[in-house]
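What follows is the residue order along each chain.
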Amino acid sequence: MRSSTLLALSLSLAHLATYARASDVLNLDATNYSATVDSNPVILIQFTSPWCGHCKALAPHYEEAATTLKDKGIPIAKVDCVDQPDLCQAYGVQTYPILKVFRNSTPTDYTGPRKADGIVSYMIKQTLPAVSEVTLANIEEIKKADKVVAIAYVSSHTQAPAAEFSATAEKHRDDYLFGISYDQDVHSSETVTPPAVVVYRSFDAPRTEYPYPIADAKVEDFETWLKDLSVPIIDEVSGEDYAIYATSSKPLAYLFLDPTRENKEDQIAAIKPIAEEFKSKVNFVWIDAIKFGDHAKALDLGEAEWPSFVLQDVQKQLKYPLDQTKDFSPAAAKKWVQDYLDGSLQPSLRSQPIPKTQDGPVFRLVSKQFEAIAFDDEKDVFIDFDTYQCGHCRALRLIWEQLGERYADFKDKITIAHMDVGQNDLPESARPPIVGSPSIRFKKAGTRNFIEYDGRDRSLESFVEFIEKHAASDLEMKVAPPVQAEDSQAPLG
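Residues numbered from 1 in each chain as written. Predicted model: local features only at pLDDT ≥ 70, side-chain atom pairs only at ≥ 80, totals over all residues. Heavy atoms only, no water.

Going by this rule: UniProt positions are given in the numbering used here, feature names are shortened, and annotations may be inferred rather than shown by experiment.
An unreviewed UniProt entry annotates the chain as protein disulfide-isomerase of Marasmius crinis-equi. A UniProt comment under Catalytic activity (unreviewed entry) is attached to the chain, and it reads "Catalyzes the rearrangement of -S-S- bonds in proteins." Recorded in UniProt for the chain, the comment headed Subcellular location (unreviewed entry) runs: "Endoplasmic reticulum lumen".

Right, dumping it as structure tokens:
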């Protein structure tokens, strides 16, 4: 009896284990790939690798999305590039994970979020026409089908702004959900007078009608309006949605919080009225200060004191941290934002200490002395901006030392400098910002404009050639004529 019970239990556990391993993500290989892609109007495929860390992080979100989308008839699949290298090479896959949407067997890059709800939302939009027709039967479902849904209410296909609205939908079908209704009963149920365009959101104000003269609206008008409405008054920011803010022209206000504290929601609620007041000029977010502590340091928040507040000009990479030595308050944050908008704040610049000596051939430049050294009117200045972590940068430093030695006798005319941008911020006067390492720039004596190095390569000879081409000063090496040895014998004669 005991043996049969244990056997039954073992079989039951084995069944549960098999069930737990069941996946709604389809595994594709050479034997089923073409048939699966060709038989599905829309399918999402992840090209992955078992050793890829980003793939492992995506896996639970991908699995959850697959289960949700399975009920909607939208398959999700993956290809193991270690096991199926030929399939991956056929699509030029070199990094992982790469996601592609196949519509009628034609691939396009997946550009959506990488969390379950974002994947679901993105893929549902792929199965719909750019603009769905809205009726009394489906309007409630469509209004709640995505975070941002735009519906145009018009009397006919030809009534403005139907054509501009449809063009907007074609352009942004991956970003928002679009609908259009010609039904008078729908217009009445939504209490709108056509023509009108209404945005429905799952956050903030749930219903917003286009506030400007609608008949004159163009694609760019709808784009600007929708982009503004797609950003919440204040929301959590992470790597998933940072791009929304990074591409915005507005500055970004961060509220750094410890999410484990009980008063987290109260702190967000306290700043929300300020975020709403400045929404037209500033984007507000809250961020996990524990998880993104390095980002806090990069924004010059020196102490682990939460909550803390900092403004960032994302386009110019300038930051304005609120004084952490004083207790944080919403009132202080409001004044800080207003002072920023009034132009009365100075950006904070990280800087290493000014070196006590400059004995080497290369000048060690730090932010605190950038203006004085880089914009010395009397000298040409050639600067290597890099970071210590960069392998190419470390290799370049050896050549840069040789370049400094090459012009050691001309230090009154040219400065060969190096600046670690991992520990020193570039002031606004040195724009454009550094976007990669190493970045090599030259400033001609008597000017304030830097030009990018565009030489043949990063050899000593190429750097010298570049300097000789652009320098204002005469840096030609003076070679003394050879000294003739005196004849030890007296002349004949």
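So, the overall build of the chain
Put simply, the rule is: Every helix listed is a DSSP run of H or I at least four residues long, and every strand listed is a run of E at least two residues long, numbered separately from the N terminus. Shrake-Rupley sampling with a 1.4 Å probe provides the accessible areas, and residues are treated as covered by the protein chains on show and by no other component.
Broken down by element type, the chain carries 16 helices and 20 strands. Viewed in the frame of its principal axes, the chain has a C-alpha envelope of about 125 × 65 × 55 Å. Taken as a whole, the chain presents about 27200 Å² of accessible surface, with 52% of it coming from carbon and sulfur.

Some words on the nonpolar core
Note the following rule: Definition of nonpolar core: a set of buried residues of the types Ala, Val, Leu, Ile, Met, Phe, Trp, Tyr and Cys, connected through side-chain atoms within 4.5 Å. In this scheme, a residue with accessible area under 20% of its type's maximum is buried, one over 50% is exposed, and one in between is partly exposed, where area comes from a 1.4 Å probe on protein chains only. Residues count as neighbours in contact if any of their non-hydrogen atoms are within 4.5 Å of one another.
If you look at the biggest cluster of nonpolar residues, it comprises 23 residues, and the most contacted ones within it are Phe284, Phe309 and Leu311. Only strand E12 (252–257), helix H11 (264–277), strand E13 (283–288), strand E14 (308–313), strand E15 (318–321) and helix H13 (330–342) provide two or more residues apiece to this core. When sequence neighbours within four positions are dropped, the list of residues in contact with Phe309 reads Ala253, Tyr254, Leu255, Phe284, Leu301, Pro321, Leu322, Phe328, Ala333, Trp336 and Val337. In terms of nonpolar packing, the next biggest core, distinct from the first, is built from 22 residues, Ala152, Ile180, Ala217 and Trp225 among them.

As for the side chain of Thr36
Here Thr36 shows up in helix H2 (residues 33–38). Contact partners of Thr36, with chain neighbours within four places excluded, come to Leu26, Leu28 and Ile43.

Some points on the sheet that holds strand E3 (residues 76–80)
Convention followed: Two strands are said to pair when DSSP picks up at least two bridges between them. Lines fitted to the C-alpha atoms define the axes, with helices restricted to the stretch that makes contact. Angles between their N-to-C directions range from 0 to 180 degrees.
Pairing is mixed in the open sheet, where 5 strands are placed in the order E1-E3-E2-E4-E5. Across the chains shown, the open sheet's two edge strands, defined by having one partner strand only, are strand E1 (26–28) and strand E5 (106–109). Pairs of neighbouring strands in the sheet enclose a mean axial angle of 30 degrees, with direction left out of account. The sheet contact formed by strand E4 (residues 98–103) and E5 spans 4 bridges and is antiparallel. The partner of Phe102 across the bridge, within E5, is Pro107.

Considerations on the pattern of salt bridges
Note the cut-off: Throughout this description, the term salt bridge denotes a Lys or Arg side-chain nitrogen within 4 Å of a carboxyl oxygen of Asp or Glu.
What the rule picks out here adds up to 22 salt bridges. When the shortest N-O distance is used, the salt bridge between Asp146 and Lys125 registers 2.5 Å. Of this pair, Asp146 sits in the loop between helix H6 (139–143) and strand E7 (148–153) while Lys125 sits in helix H5 (residues 116–127), placing them 21 residues apart in sequence. Residues Asp146 and Lys125 agree in their burial class; the two are buried. Where Lys279 meets Asp228, a salt bridge forms, and the shortest distance between an N and an O atom there is 3.7 Å. Taken together, the positions of Lys279 in the loop between H11 and E13 and Asp228 in helix H9 (residues 219–229) put the pair 51 residues apart, joining distant regions of the chain. A residue is classified by how much of its surface remains accessible, and Lys279, at 15% relative accessible area, is buried. The exposure class of Asp228 is partly exposed, given its relative accessible area of 32%. One salt-bridge network, held together by shared partners, links Asp300, Lys319, Arg350 and Asp425.

Brief notes about the packing of aromatic side chains
Two aromatic rings, taken as a pair, are described by how far apart their centres are and by the angle between their planes. Here is the rule: Centres within 6.5 Å are what make two rings of Phe, Tyr or Trp a pair, Trp counting through its six-membered ring; a difference in plane orientation under 30 degrees is then read as stacked, over 60 as edge-to-face, and the rest as tilted. The rule is short: NZ of Lys or CZ of Arg within 6 Å of the ring centre and within 35 degrees of the ring normal puts a charge over the ring.
The tally for this structure, following the rule as stated, stands at 31 aromatic pairs. What links up through ring pairs into an aromatic cluster is the set Phe165, Tyr176, Phe178, Tyr210, Tyr212, Phe222 and Trp225. Sitting over the face of the ring of Phe385, Arg441 holds its NZ or CZ atom 5.9 Å from the ring centroid. Across the ring face of Phe375, the terminal group of Arg448 is positioned such that the distance to the ring centre comes to 4.0 Å.

Description of the pairing of E15
By the alternation rule, side chains of E15 split into Leu318 and Tyr320 and Lys319 and Pro321, which are all buried. For E14 and E15, the ladder comprises 4 bridges, and the chain directions are antiparallel. Within E15, the position partnered with Leu311 by the bridge is Tyr320. Between E14 and the antiparallel strand that follows it, E15, lie 4 residues; Gln317 among them carries a positive phi value of about 55 degrees.

Section: the sheet that holds E14
Reading across from one edge, E11-E13-E12-E14-E15 is the order of the 5 strands in this open sheet, with mixed pairing throughout. Both outer strands of the open sheet, strand E11 (234–236) and E15, are each paired with one neighbouring strand and no more. With strand direction ignored, the average angle separating the axes of adjacent strands in the sheet is 25 degrees. Inspection of the sheet shows E11 paired to E13 by 3 bridges, in the parallel sense. Each bridged residue has a counterpart across the sheet, and for Ile234 the counterpart in E13 is Phe284. On top of the sheet, H13 reaches E13, E14 and E15; it is set at about 15 degrees to E14, its chief contact.

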